[in-house]
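Architecture at a glance
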Amino acid sequence: MRNLEEALDIKVIDRTELILDIFATHARSQQSKLQVQLAQMEYTLPRLKHLWGHFSRIAGRAMIGRGPGEKQLETDRRLARDHIVKLKRQLQDIQKKREVQTATRSDNFNISLVGYTNAGKSTLMNALTRAGVLVEDKLFSTLDTKTHTWELKSGQKALISDTVGFISHLPHNLVSSFHATLEEVRQADLLLHVVDAASADAANQIRAVNEVLKELDCADKRTLIVFNKIDKADPLELALLQKQAAGIPASALKGQGLNLLDEQVSEIINSYQKVLNLRVPLGNGKLMAYLYERGQVLDQIVDKDYLKVRVRLGPRDALKAKEMGATESKKGRR
């Protein structure tokens, strides 16, 4: 790189540095800025000797022992290591806060949007939740995880999170630096893998995303593929893609395929839930509000001092409902 810069008289950067520069441009929150700084520092540290190569030659040729370049290199390495330690401590503090936030959402059905960069995840988020998330036709425009409530047509609700876009051969130090952000993927009950169906390289992009998911130990997590941008895709190429991987054809921008996506996600949520016959004290309005908020109330009748409620709930919500005063009726009785 140094030789190229001398020969061409321009700045030369490699692929990883380019990705890091793009990340740095789009970093907005304190967390994303710290994550980018950490990734940049960890990438630069082992390469400092190359930056100081000319001093090393001076030291080796003209001096015995340490030359001025070697002293400067040692100083730079020490400063870089100290800064890395400081950044990791700051990120650990943020991670603890995020863990508390994630814990408060553990009772919900959590969905994470994953996919190659610029596949349309933020556009899909807006289409499903009207969240008003920033949408730009740029690489890595989303660095900060954003979570919003998705109210499905069945009446069910889920929390859906937009995550940083993936890329083929994503540098390992980026994955490690953005561990806190990508933790949303690890904690999700369902992944929506958004694919740019209009891309000529869609098949390779799917493989690249799967590789990153494998690195995050999420390869076996329940996943639903969404072939986005079908309004721009070649019908023949789309058909070939769907033969390779089953998915839902959609256009987040045009609103196509979203009803089918809604139905399939509802079915998946249903598979996590079961129908319960609960007895709810008549005065416990808070519990009834919880049942309507967290599940599907299928039927209810008054029986003396109780409401007998037939409701579809997930296991975590059912446990919470019982803590709030619900008791389960015997099987076969109303």
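Refer to the structure printed above.
Summarised in this report is the structure supplied together with it. (Residues numbered from 1 in each chain as written. Predicted model: local features only at pLDDT ≥ 70, side-chain atom pairs only at ≥ 80, totals over all residues. Heavy atoms only, no water.)

The next subject is the packing of aromatic side chains. For the coordinates displayed, the defined rule picks out 1 aromatic pair. Note on phenylalanine 109 and tyrosine 272: the rings are 5.2 Å apart at their centroids and 70° apart in plane angle, and the pair reads as edge-to-face. One end of the pair, phenylalanine 109, is in the loop between helix 6 (68–104) and strand 1 (110–115); the other, tyrosine 272, is in helix 12 (residues 258–272), with 163 residues separating them in the sequence. Overall, phenylalanine 109 belongs to the buried group, its relative accessible area being 9%. The class for tyrosine 272 is partly exposed, based on a relative accessible area of 34%. For arginine 279, the ring lying beneath its charged end belongs to tyrosine 306, and the centroid distance is 4.0 Å. (Phe/Tyr/Trp six-rings, centres within 6.5 Å; stacked < 30°, edge-to-face > 60°. Helix = DSSP H or I, 4+ residues; strand = E, 2+ residues; numbered from the N terminus. Buried < 20%, exposed > 50% of the residue type's maximum accessible area, 1.4 Å probe, protein only. Lys NZ or Arg CZ within 6 Å of the ring centre and 35° of its normal.)

This part takes up the environment of serine 154. Checked against the element boundaries, serine 154 lands in the loop between strand 2 (146–151) and strand 3 (157–162). Accessibility expressed as a relative area gives 28% for serine 154, which makes it partly exposed. Considering only alpha carbons, one finds serine 154 and glutamate 263, 109 residues apart in sequence, at a separation of 8.0 Å. Here the side chain of serine 154 touches glutamine 156 through a polar contact of 2.6 Å, side chain to side chain. (Polar contact = N/O pair within 3.5 Å; in protein donor to acceptor, adjacent residues only side chain to side chain.)

Attention shifts here to unusual backbone geometry. The backbone phi angle of aspartate 9 is positive, close to 60°, even though this residue is not glycine. Among the secondary structure elements, aspartate 9 is positioned in the loop between helix 1 (2–8) and helix 2 (15–26). With a relative accessible area of 68%, aspartate 9 lands in the exposed category. Its identity as a non-glycine residue notwithstanding, lysine 229 has a phi of 65°, on the positive side. With respect to the helices and strands, lysine 229 occurs in the loop between strand 5 (223–228) and helix 11 (235–244).

Another aspect to go through is the nonpolar core. Side chains of a nonpolar character, in soluble globular proteins, are inclined to be buried together. Of all hydrophobic cores here, the largest spans 24 residues; its most connected members are Ile111, Leu124, Trp150, Leu192, Leu261 and Val265. At the level of secondary structure, the elements contributing two or more residues to this core comprise strand 1, helix 7 (121–129), strand 3, strand 4 (190–196), strand 5 and helix 12. Here this core gets 5 residues from one element, more than from any other, and that element is helix 12. When sequence neighbours within four positions are dropped, the list of residues in contact with valine 265 reads Ile111, Trp150, Leu152, Leu190, Leu192 and Leu224. Phe23, Val185, Val209 and Val212 belong to the second largest nonpolar core, which has 17 residues in total. (Core = buried A, V, L, I, M, F, W, Y, C linked by side-chain atoms within 4.5 Å. Contact = heavy atoms within 4.5 Å.)

The subject of this paragraph is the pairing of strand 2. Alignment of strand 2 against strand 3, held across 6 bridges, turns out to be antiparallel. Within strand 3, the residue paired with threonine 147 across the bridge is serine 161. In this antiparallel pair of consecutive strands, strand 2 and strand 3, the connection spans 5 residues, and glycine 155 shows a positive phi of 95°. (Pairing = 2+ DSSP bridges.)

Time to look at the environment of phenylalanine 166. Summarising the element assignment, phenylalanine 166 is placed in the loop between strand 3 and helix 8 (172–177). The class of phenylalanine 166 is buried, set by a relative accessible area of 0%. Sequence spacing of phenylalanine 166 and isoleucine 206 is 40 residues, and the spatial spacing of their C-alpha atoms is 9.9 Å.

We now examine the side chain of aspartate 196. Structurally, the position occupied by aspartate 196 is in strand 4. For aspartate 196, a relative accessible area of 13% corresponds to the buried category. Within polar-contact distance, the side chain of aspartate 196 engages the backbone nitrogen of alanine 198 at 3.0 Å. At 3.5 Å, the side chain of aspartate 196 forms a polar contact with the side chain of lysine 229. With residues up to four places along the chain from it excluded, the contact list for aspartate 196 reads Asn118, Ala119, Ala202, Gln205, Asn228 and Lys229.

These values are about where atoms sit, not about what they do.
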